[in-house]
Amino acid sequence: MRAVLTADLPEPDLPSGLVVRPVRPADVAAIGELMCAAYAGTLDDEPAAEHHEEAGRTLGGVHGPVLWAAGLVAVDGPVLAGACLVTEWRGHPLLAHLLVRPSRRGTGLGTALLSRSANRLRAGGAVDWTLAVTRGNPAERLYARCGFVEDPTLRSG
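Before going into details, it helps to say that this report is about the structure given with it. (Residues numbered from 1 in each chain as written. Predicted model: local features only at pLDDT ≥ 70, side-chain atom pairs only at ≥ 80, totals over all residues. Heavy atoms only, no water.)

Attention now goes to the side chain of arginine 2. Mapped onto the elements of the fold, arginine 2 is located in strand E1 (residues 2-4). Here aspartate 128 takes part through its side chain, which lies 2.9 Å from a polar atom of the side chain of arginine 2. (Helix = DSSP H or I, 4+ residues; strand = E, 2+ residues; numbered from the N terminus. Polar contact = N/O pair within 3.5 Å; in protein donor to acceptor, adjacent residues only side chain to side chain.)

What follows is the structure, encoded as structure tokens:
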């Protein structure tokens, strides 16, 4: 999917008690734990070790250079409630992972993180960004609301 970054997205208020800050390399273990929680029971459920490895791969640049200025985490004290991880892939920003802890789903946290990341990308000169999503993932509706549309040129193979 691809979204054009032509105008600032409205940034909804964060759910009560959360603070957003930039993602940091030191967040890798907490992001691995968040992946375990966010993907549990979904189409993307994997063993915990795989999620922790994926967090390391993503923040280590395996999916392209990390765009630290656009990556955000929402914290609730010492716990990550959500994260938006952005890398560069084929010359464009890639939404590598948008993660929301199950207890925070339906609160607007995903929209808040996505819109803030999009606005940071746009402020940095990006004109669009892409993502890959598993068909049937409920997040497809969120992505569509935030301007993402299917782009057949992004399909592999």
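Following the sequence through the fold, cysteine 36 ends up in helix H1 (residues 28-39). With 104 residues separating them in the primary sequence, cysteine 36 and glutamate 140 have C-alpha atoms 20 Å apart. In this structure, cysteine 36 is in contact with Ala48, His51 and His52, ignoring residues within four places of it in sequence. (Contact = heavy atoms within 4.5 Å.)

So, on to the layout of surface pockets. In this structure, the largest pocket encloses a volume near 1,400 Å³. As for the largest pocket, its lining consists of 50 residues, and the residues nearest its centre are Ala132, Val133, Asn137, Ala139 and Tyr143. When residues of the lining of the largest pocket are traced back to their parent elements, those giving at least two are H1, helix H2 (48-59), strand E5 (92-100), helix H3 (109-123), strand E6 (128-131) and helix H4 (139-145). Per-element tally for the lining of the largest pocket: the top contributor is E5, with seven residues. Partitioned by chemical class, the residues of the lining of the largest pocket number 22 nonpolar, 13 polar and 15 charged. (1 Å grid on protein atoms, 1.4 Å probe; cavity = no way out; pocket = protein on both sides within 12 Å on 5 of 7 lines; lining within 4 Å. Points joined across faces, edges and corners; volume = space filled by probe spheres on them. Nonpolar A, V, L, I, M, F, W, Y, C, P; charged D, E, K, R; others polar.)

This next bit is on the side chain of threonine 87. If you trace the backbone, threonine 87 turns up in strand E4 (residues 79-89). Reaching out from threonine 87, the side chain makes a polar contact with the backbone oxygen of histidine 63 at a distance of 3.1 Å. Apart from the residues lying within four places of it in its own chain, the contact partners of threonine 87 are Thr58, His63, Gly64, Pro65, Val66, Leu67, His92, Pro93, Leu94 and Ala96.

In the case of a regular strand, side chains alternate between the two sheet surfaces. The element E5 is extensively covered by neighbouring structure, given that seven of its nine residues are classed as buried. Where E4 lies against E5, eight bridges are found, and the strand directions are antiparallel. Note on E5: the bridge partner recorded for glutamate 88 is proline 93. Connecting E4 to the next strand, E5, in antiparallel fashion are two residues, including arginine 90 with a positive phi near 55°. (Buried < 20%, exposed > 50% of the residue type's maximum accessible area, 1.4 Å probe, protein only. Pairing = 2+ DSSP bridges.)

In this section: the pattern of salt bridges. Applying the stated criterion to the full structure yields 11 salt bridges. A salt bridge links arginine 122 to aspartate 8, with the shortest nitrogen-to-oxygen separation between them at 3.1 Å. Of the two residues, arginine 122 sits in helix H3 while aspartate 8 sits in the loop between E1 and strand E2 (19-22), which places them 114 residues apart along the sequence. We classify aspartate 8 as exposed; its relative accessible area is 52%. Residue glutamate 53 pairs with arginine 57 through a salt bridge whose shortest N-O separation is 3.8 Å. Within this pair, glutamate 53 and its partner arginine 57 are both found in helix H2, separated by four residues, close to a single helical turn. Note on glutamate 53: relative accessible area 45%, which makes it partly exposed. Residue classification places arginine 57 among the partly exposed residues on the basis of a relative accessible area of 26%. (Salt bridge = Lys/Arg side-chain N within 4 Å of Asp/Glu carboxyl O.)

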